[in-house]
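Each chain, letter by letter, is given below.
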Amino acid sequence: MEILDGKKVSNQIKEEITVEVAQMKARGEKVPHLAAVLVGNDGASLTYVGSKVRSCKKIGFESTLIHLPEETTEEDLLKQVHELNNDPNIDGYIVQLPLPKHIDEEKVLMAVDPDKDVDGFHPTNFGKMALDMETFISATPFGIMELLKRYNVETEGKHTVVIGRSHIVGRPISILMSQKGNPGNSTVTLAHSRTKNLKELTLQADIVISALGVPKFLKADMVKDGVTVIDVGITRVPDETSSKGYYITGDVDFENVSKKAAYITPVPGGVGPMTIAMLLKNTLLARERHNA
Ligand code: BQF
């Protein structure tokens, strides 16, 4: 069994980007500038945005955090989005999800300039991804592909079962894994809440990608020997004995599934850190495209 160490690989990617940014600077070019819009004070969102901004500082990017109150109206948020679209200093930006319930997420994501949409959530960018065109690939699916690539995990002709059909992870990774390329060329089954006999499917899988959000859902008796398991789940489970008041767990019963797996991602330290690294990669790409 080999651990797919997302923490380690994400640090490698960040080091590679650091070198490129230093070269940009040495040539007298502007360095990439990422902005993040956070609405409200959701604990997990604050953590995620904080780590994105910290990573920017570490690798030499400029960053701007726009923290708006929970009561921000949809209209005001759309105004902020248009300001970022028109700000020539900003190469790329994200609107941290989830948004408060009174704001229409789809409307906001549609307002983001696709050329600055480093999360790749705009329909134009999702469409380009699905058609194999150059675009911003969403950070989490992009991170999974990069992790498989850097560990030389064989995907060609393999049966990949994706669990979960979210717009942000399940659906796009099912498309990417079936596309031509390496990683890719996989035969993909996309399973979801209405799937019957899920266990029958996962038992046939060479690769299982779980993006469900149910702690320890995937059990050892659901996978075959030699399986590759990618765990995208991150759930905070309340825990009074922990200093943070919670611990983080994935969709996979790691202790038991890892005994049968050829490759497996841990939680934390697997897909999560890769998501951050690929957001930075997309921001670098945005800067380079604006130069070109
Ligand atoms: C780790 C996210 C659900 C909804 C909105 C490192 C992250 C997570 C875990 C992280 C995520 C999940 C992010 C670990 C960003 C990934 O060590 O395991 C980093 O910061 N993520 C997000 O911005 O919005 C989300 C999950």
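Our subject is the structure listed above.
This structure is a prediction, so every number in the text was calculated from the model and none was measured.

Draft legend 1. Region of interest: the nonpolar core. Of all hydrophobic cores here, the largest spans 47 residues; its most connected members are I17, F61, I144, I209, I230 and V232. Within the residue set of this core, elements represented by two or more residues are α1 (6–26), β2 (33–39), α2 (43–59), α6 (139–150), α7 (170–178), β7 (207–210) and α10 (271–291). Excluding residues that lie within four positions of it along the chain, I209 makes contacts with I144, T160, V161, V162, I163, I173, M177, I230 and V232. Counting 20 residues, the second-largest nonpolar core is a separate cluster that includes A35, V81, V95 and F121.

Draft legend 2. Structural view of the site of the ligand. Every residue lining the ligand is accounted for by Y48, S51, K52, Q96, L97, I234, P268, G269, G272, P273 and I276. At 3.0 Å, a side-chain N or O of Q96 approaches an oxygen atom of the ligand. A distance of 2.9 Å separates an oxygen atom of the ligand from a polar backbone atom of G269. Taken by itself the ligand offers 530 Å² of open surface, and the protein chains cover 69% of this. Of all the secondary-structure elements, those providing two or more residues to the shell around the ligand are α2 and α10. In the shell around the ligand, the residues fall into 6 nonpolar, 4 polar and 1 charged.

Draft legend 3. Inspection of the environment of K219 at higher detail. Along the chain, the position of K219 falls in the loop between β7 and β8 (227–231). For the pair K219 and L46, spaced 173 residues apart in the sequence, the C-alpha separation amounts to 31 Å. Aside from chain neighbours lying at most four places away, what touches K219 is D253 and V257. In this structure the side chain of K219 is engaged in a polar contact, spanning 2.5 Å, whose partner is the backbone oxygen of K216.

Draft legend 4. Quick peek at the packing of α1 against α2. Taken N-terminus to C-terminus, the directions of α1 and α2 make an angle of 50 degrees; their axes are 9 Å apart at the nearest point. In terms of orientation, α1 and α2 fall into the oblique class. Taken together, the residues of α2 that come into contact with α1 (itself represented by N11, K14, I17, T18 and V21) are S55, K58 and I59. For the contact of α1 with α2, the residue count by class is 3 nonpolar, 3 polar and 2 charged.

Draft legend 5. View of the pairing of strand β3 (residues 62–68). Sheet topology note: the β2/β3 ladder contains 7 bridges and is parallel. Within the sheet, the bridge partner assigned to V37 lies in β3 and is I66.

Draft legend 6. How the structure looks around unusual backbone geometry. Residues L97 and P98 are joined by a peptide bond in cis, for which omega reads 0 degrees. Here P98 is to be found in the loop between β4 (92–95) and α4 (105–111). Of note, the bond from V267 into P268 is cis; its omega dihedral lies within 30 degrees of zero at 0 degrees. One can find P268 in the loop between β11 (261–264) and α10. Within the chain, N185 stands out as a residue other than glycine whose phi angle is a positive 55 degrees. Mapped onto the secondary structure, N185 falls in the loop between α7 and β6 (187–191).

Here is what the cut-offs are and how they apply
Residues numbered from 1 in each chain as written. Predicted model: local features only at pLDDT ≥ 70, side-chain atom pairs only at ≥ 80, totals over all residues. Heavy atoms only, no water. Core = buried A, V, L, I, M, F, W, Y, C linked by side-chain atoms within 4.5 Å. Buried < 20%, exposed > 50% of the residue type's maximum accessible area, 1.4 Å probe, protein only. Helix = DSSP H or I, 4+ residues; strand = E, 2+ residues; numbered from the N terminus. Contact = heavy atoms within 4.5 Å. Near = heavy atom within 4 Å. Polar contact = N/O pair within 3.5 Å; in protein donor to acceptor, adjacent residues only side chain to side chain. Areas by Shrake-Rupley, 256 points an atom, 1.4 Å probe, with all protein chains shown as cover. Nonpolar A, V, L, I, M, F, W, Y, C, P; charged D, E, K, R; others polar. Axes fitted to C-alpha atoms, helices over the stretch in contact; angles between N-to-C directions. Parallel < 35°, antiparallel > 145°, perpendicular 65-115°, else oblique. Pairing = 2+ DSSP bridges.

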